[in-house]
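# Fold and contact review
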Amino acid sequence: ETGVTQTPRHLVMGMTNKKSLKCEQHLGHNAMYWYKQSAKKPLELMFVYNFKEQTENNSVPSRFSPECPNSSHLFLHLHTLQPEDSALYLCASSQDREGSGRSGNTIYFGEGSWLTVV
Amino acid sequence: AQSVSQHNHHVILSEAASLELGCNYSYGGTVNLFWYVQYPGQHLQLLLKYFSGDPLVKGIKGFEAEFIKSKFSFNLRKPSVQWSDTAEYFCAVNGRRALTFGSGTRLQVQP
């Protein structure tokens, strides 16, 4: 149990479907992240939210649409995905946004949502 | 740009062998450095981290890493591996941007 919960754990969707991934953190953190983990590729940062505001979009296609209604919840809305989007999608949180070189700011990851696009 | 390079993609060792996994990063400013581990079927877990101070950092399960600023390196070491260390290991850095990961090293420890 990491304090970061992702649902569903597994999702199979067709290319014309609309689905959403959900993430909830119980750590009182202010920053949340979506990462994509594909086979044989580095973990790719997709989006960063800090205090509910999106601070980074790492050139992610518009078929992925994040939503952060509050500091504890993060969604990833999926629409008209491609088979190559099949991957493990990881949600993470930290006290506040990483990247400022600050000390003491560690990212905690959820267990991920396995997505298969058929 | 901020990036991380892990040189070994797949490492196979026998139990009790010593381990060293390479990690190099590129970023000119102040960085925080991390090693994460992902055991089969489990989530990413923090193994150790370096923010400042002593460049030799000790983490959980007997792992340690040394930050060598002049070489932009943060190699992970363990003197004697166990079968239970079989996992994938990720080096990560954050400087100006949010955490950036290397491609990972799959460690397989044979009994």
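In this report, we go over the structure that sits alongside the text. (Residues numbered from 1 in each chain as written. Chains lettered and ligands numbered in written order. Predicted model: local features only at pLDDT ≥ 70, side-chain atom pairs only at ≥ 80, totals over all residues. Heavy atoms only, no water.)

Further remarks concern the pairing of strand β8 (residues 73-79) of chain A. Residue and element names in this part refer to chain A. In the sheet, strand β3 (residues 18-25) pairs with β8 via 7 bridges, with the strands oriented antiparallel. Paired with Cys23 across the strands is Leu74, a residue of β8. Of the strand pairs in this sheet, strand β7 (residues 64-70) and β8 are connected by 5 bridges, and their pairing is antiparallel. Considered in β8, the bridge of Glu67 is made with Phe75. Counting the residues in the hairpin turn of β7 and β8 gives 2 residues. (Pairing = 2+ DSSP bridges. Helix = DSSP H or I, 4+ residues; strand = E, 2+ residues; numbered from the N terminus.)

Right, let's talk about the nonpolar core for a bit. Among the nonpolar cores identified, the biggest contains 28 residues, and B:Leu33, B:Trp35, B:Leu47, B:Leu48, B:Phe74, B:Leu76 and B:Tyr89 are the most heavily contacted of them. Elements with a minimum of two residues in this core: β2 (10-14), β3 (19-21), β5 (32-38), β6 (44-50), β8 (64-68), β9 (73-78), β10 (87-94) and β12 (105-110) of chain B. Here this core gets 4 residues from one element, more than from any other, and that element is β10(B). Those residues in contact with B:Leu47, other than ones at most four positions away along the chain, are B:Trp35, B:Tyr36, B:Val37, B:Gly59, B:Ile60, B:Phe63, B:Leu76 and B:Tyr89. Grouped together as the second largest cluster of nonpolar side chains are 22 residues, A:Leu21, A:Trp34, A:Met46 and A:Leu78 included. (Core = buried A, V, L, I, M, F, W, Y, C linked by side-chain atoms within 4.5 Å. Buried < 20%, exposed > 50% of the residue type's maximum accessible area, 1.4 Å probe, protein only. Contact = heavy atoms within 4.5 Å.)

Before going further, it helps to examine the sheet that holds β3(A). Residue and element names in this part refer to chain A. Read across the sheet, 4 strands follow the order β1-β3-β8-β7 without closing on themselves; strand pairing throughout is antiparallel. Whereas interior strands pair on both sides, the edge strands pair on one side only; in this sheet they are β1 (4-7) and β7. When strand polarity is set aside, the average angle formed by the axes of neighbouring strands in this sheet is 20°. (Axes fitted to C-alpha atoms, helices over the stretch in contact; angles between N-to-C directions.)

Turning our eyes to something else, we now look at the pairing of β3(A). Bridge count between β1(A) and β3(A): 4 bridges; the pairing is antiparallel. Note that in β3(A) the partner of A:Val4 across the bridge is A:Gln25.

Residues and elements named next belong to chain B. Estimates place the volume of the largest pocket at around 610 Å³. Counting residues per element, the ones that place at least two in the lining of the largest pocket are β10 and β12. Element by element, the count of residues in the lining of the largest pocket is highest for β10, at 3 residues. A breakdown of the residues in the lining of the largest pocket according to their chemical character gives 8 nonpolar, 10 polar and 6 charged. If you add up the space inside the second largest pocket, you get close to 160 Å³. (1 Å grid on protein atoms, 1.4 Å probe; cavity = no way out; pocket = protein on both sides within 12 Å on 5 of 7 lines; lining within 4 Å. Points joined across faces, edges and corners; volume = space filled by probe spheres on them. Nonpolar A, V, L, I, M, F, W, Y, C, P; charged D, E, K, R; others polar.)

The final tally for this structure, using the stated rule, is 2 disulfides over all chains. Two residues share a disulfide in this structure: A:Cys23 and A:Cys91, whose sulfurs sit 1.9 Å from each other. The S-S bond linking A:Cys23 to A:Cys91 shows a torsion near -75°; that makes this disulfide left-handed. Of the two residues, A:Cys23 sits in strand β3 while A:Cys91 sits in strand β9 (residues 87-94), which places them 68 residues apart along the sequence. For the pair A:Cys23 and A:Cys91, one class covers both residues: buried. Between the sulfur of B:Cys23 and that of B:Cys91 lies a disulfide, 1.9 Å long from S to S. As the torsion about the S-S bond is roughly -65°, the B:Cys23-B:Cys91 disulfide counts as left-handed. Of this pair, B:Cys23 sits in the loop between β3 and β4 (24-26) while B:Cys91 sits in strand β10, and the two are 68 residues apart along the sequence. B:Cys91 shares its class with B:Cys23; the two are buried. Here A:Cys68 stays unpaired: no disulfide links it, and the sulfur of A:Cys91, its closest cysteine neighbor, is 9.0 Å away. For A:Cys68, a relative accessible area of 11% corresponds to the buried category. (Disulfide = S-S within 2.5 Å.)

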